[in-house]
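# Observations on the model geometry
So you can see what is in the structure, the chains are spelled out below.
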Amino acid sequence: MSSKNLPRQPSVQARVSGWARVRYCSRDMASFRRALAVLLLATGCLPSPYDRAAKKDTIDGYRAFLREYPTHADTDAAEARLEELEFEEAKRLHTVIAYKRFLEAYPDASQARTAKTLLEGLRFNGAKETDSVAGWRQFLQEHPEGVQREEAKRLLAEAEARELATTEDPRKLAEYLRASPDDPRRQDVEARLDDQSFAQAKASGATKLFAYLKEHPAGAHREEARVLLLQLEVEGLLVSGLVDEAEARAKAHPLGPKLTAFPERLARARAERAALARPEPAAQAAHVGHYLRGVEDLNRALVAPDALDRWQAAEELGQHVSVRVLDPLLESLRAARNPLIRQHALESLRTVLAALPKPVAEYEVSSRLDSLRERANSAEMYLTVAVLLDLSGQLAQASTEYQRAAESGVPDPVILRRWVQIREERRQHFSAAVAARQLALWSLEVAQEEPVTPEGRVPLASARQLCAAAVNANFAVAAIARARGASTEFPEDLAEFERKAMDAKRLADARLADAELLLREQTPGVKTCADRGVRDRLENGVKERTAALDSVATKLPEVGRLLLEVARARDPSPQVRAAASARLTALKPVP
């Protein structure tokens, strides 16, 4: 084919001009469409957004319209129709929640009154179905001006009458009296409340008995409550071996003659005292008192010049299972400056209260708590209250008092050690480590500040305070190590805690060694922080008592069983109590 016959190609200028015409026509088409839409809207040929929503006539449709066109001319109409549809939906569901939601969204709607009436009806039917005092009170609280309030009040009165006639719960009776102070049945209800409160207190123990006396100043059972409390007081004296004091207390008290079981209990206590006083080595070796200094000697040691003598006395005093050691130990816990005295006093209190009969221990704690709470106004007093609550099993309340004590003064190592123990028991390992870190910081501060003079003189109190710092630093190191072994939380923090505790331990140990070297130079033969004289004697006493109990029934058949019973009931050592129990089980029953 020749070039003459080939199709003719447009020039570049022609192509550019063509594309320009296409773009121009496209722009014209877009403008045309917009103009057409405006024209159709103006002539009513294209539905408006409101018309589209109205055609659907649904809750979702009107909500979408109002969301997308908040300033549209038909907004009011859309809102009015949406309100109608929402009310219809609430009526269809016919539930408390549906009507509540409608009223919250449309509190001023024309249908609000109807919705409230329907809601009231639902709640009235629900209260009628349960027909309880709580249900009717809630209904009247929610609809105080409701159309059915009078009927609800009548049904409430009937429910209260039924509950009052059958309930044995003092709390419900007390709640009724508070809610209906002018009820004509008040006197009868008060009498029943008094009876039931006393019955609960009598079955529970000293704490509830003290509460009964406090809460019922005109109660009909006050004298009975006082007799029961006197019985617990006298029993505490008897189990402590204070037989003569118990007898004198019962004789001197106006209510003593009402202790009807006291003569038999006194006879038993005298027999126990006679058995413990037997001169035979087998009898003496089976009793804890054989291995201890007397209570009066230990009380004098609690005010000795040397803090080490005082904390050893506090440790040994806890081996006397007697109500007479509680106040000296509480005073040491409250007033001693050296933390080791207070720590040993706390541990001894725990030992004594655990070994006393539970009702007696509860009485001894409760009889002190009320007066302490009324006059507690310092960190030391808050700590005393916390310890009594703690040792009586009321740990939740004790934690609050421990916190008050901690916030009322400088950091207290006794509280910090207890926090470590509590958090470990709860398996809160990181929290336990935090408390141990605080304990280590306390030890570090003491180690840095206690004076040890280069001239070769050291105050005895400073050496004992450094002993406390070293003991607590070692405790903190061990606690943080346990936390690291048991917890995967915050390993970097735990490592830092451990480094800080090790620093405190090294410094406290070194300062203690320097102080005790100077102390031994100036006072040869002085006891050091590591002295275990008292502890070794107590531990050997446990071994010897355990061995003695194995043969006491054979060597002393006339009193052997009684000595085993005393050891099982009141020895401070769990090991000895278990050995006595095993020997009693092995003995033939009493004919």
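What you see is a predicted model, and the numbers here were worked out from it, not measured in a lab.

### Thoughts on the pattern of salt bridges
- Tallied over the full model, the rule gives 41 salt bridges.
- Between Arg 270 and Glu 247 there is a salt bridge, with the nearest N and O atoms lying 2.8 Å from each other. Of the two residues, Arg 270 is situated in helix H14 (residues 262–276) and Glu 247 in helix H13 (residues 243–252); the sequence distance between them amounts to 23 residues.
- Among the ionic pairs, Glu 401 bridges to Arg 404, the shortest N-O distance being 3.5 Å. With Glu 401 and Arg 404 both in helix H22 (residues 395–407) and three residues apart, the pair spans about one turn of that helix.
- Among the charged side chains, a salt-bridge network with shared partners connects Arg 268, Glu 272, Glu 565 and Arg 570.

### What to know about the packing of helix H6 (residues 112–130) against helix H7 (residues 133–142)
- Their axes nearest at 9 Å, the elements H6 and H7 cross at an angle of 165 degrees. By the criterion of interaxial angle, the relationship of H6 to H7 is roughly antiparallel. Regarding H6 and H7, the two cross each other, and that crossing is left-handed. Contacts from Glu 120, Arg 123, Phe 124, Ala 127 and Lys 128 in H6 reach Gly 135, Trp 136, Phe 139 and Glu 142 in H7.
- Per-class residue counts for the contact of H6 with H7 are four nonpolar, one polar and four charged.

### As for H7
- Along H7, the positions that sit buried rather than exposed are Val 133, Gly 135, Trp 136, Phe 139 and Leu 140. End-on, the buried residues of H7 take up no more than an arc of 165 degrees, which puts them together on one face. For H7, exposure combined with an orientation more than 90 degrees from the buried face picks out Ala 134 and Gln 141.

### Let's talk about the state of the cysteines
- Applying the stated rule across the entire model yields one disulfide.
- Put simply, Cys 467 and Cys 529 are joined by a disulfide, and their sulfur atoms are 1.9 Å apart. Here Cys 467 and Cys 529 share a disulfide; its torsion about the S-S bond, 65 degrees, makes the bridge right-handed. Placement of the pair is Cys 467 in helix H25 (residues 460–486) and Cys 529 in the loop between helix H26 (491–522) and helix H27 (533–555), with a sequence separation of 62 residues.
- Cys 467 sits in the buried class, given a relative accessible area of 1%.

### A short note on the packing of aromatic side chains
- Applying the stated rule across the entire model yields twelve aromatic pairs.
- With a centroid separation of 6.4 Å and an interplanar angle of 45 degrees, the aromatic rings of Tyr 50 and Tyr 62 are classed as tilted. Of this pair, Tyr 50 sits in helix H2 (residues 49–56) while Tyr 62 sits in helix H3 (residues 59–68), and the two are twelve residues apart along the sequence. This pair shows no difference in class: Tyr 50 is buried, exactly as Tyr 62 is.
- When the ring of Trp 136 is compared with that of Phe 139, the centres are 6.2 Å apart and the planes differ by 85 degrees; the resulting orientation is edge-to-face. Remark: Phe 139 and Trp 136 occur in helix H7; sequence separation between them is three residues, near one turn of the helix.
- Residue Trp 136 is classed as buried on the basis of its relative accessible area, which comes to 0%.
- Ring-pair connections join several aromatic residues into one group, and the members of that group are Tyr 50, Tyr 62, Phe 65 and Tyr 69.

Reading the values: the criteria
Residues numbered from 1 in each chain as written. Predicted model: local features only at pLDDT ≥ 70, side-chain atom pairs only at ≥ 80, totals over all residues. Heavy atoms only, no water. Salt bridge = Lys/Arg side-chain N within 4 Å of Asp/Glu carboxyl O. Helix = DSSP H or I, 4+ residues; strand = E, 2+ residues; numbered from the N terminus. Axes fitted to C-alpha atoms, helices over the stretch in contact; angles between N-to-C directions. Parallel < 35°, antiparallel > 145°, perpendicular 65-115°, else oblique. Left-handed = near helix turned anticlockwise from the far one by under 90°. Contact = heavy atoms within 4.5 Å. Nonpolar A, V, L, I, M, F, W, Y, C, P; charged D, E, K, R; others polar. Buried < 20%, exposed > 50% of the residue type's maximum accessible area, 1.4 Å probe, protein only. Arc of directions from axis to C-beta. Disulfide = S-S within 2.5 Å. Phe/Tyr/Trp six-rings, centres within 6.5 Å; stacked < 30°, edge-to-face > 60°.

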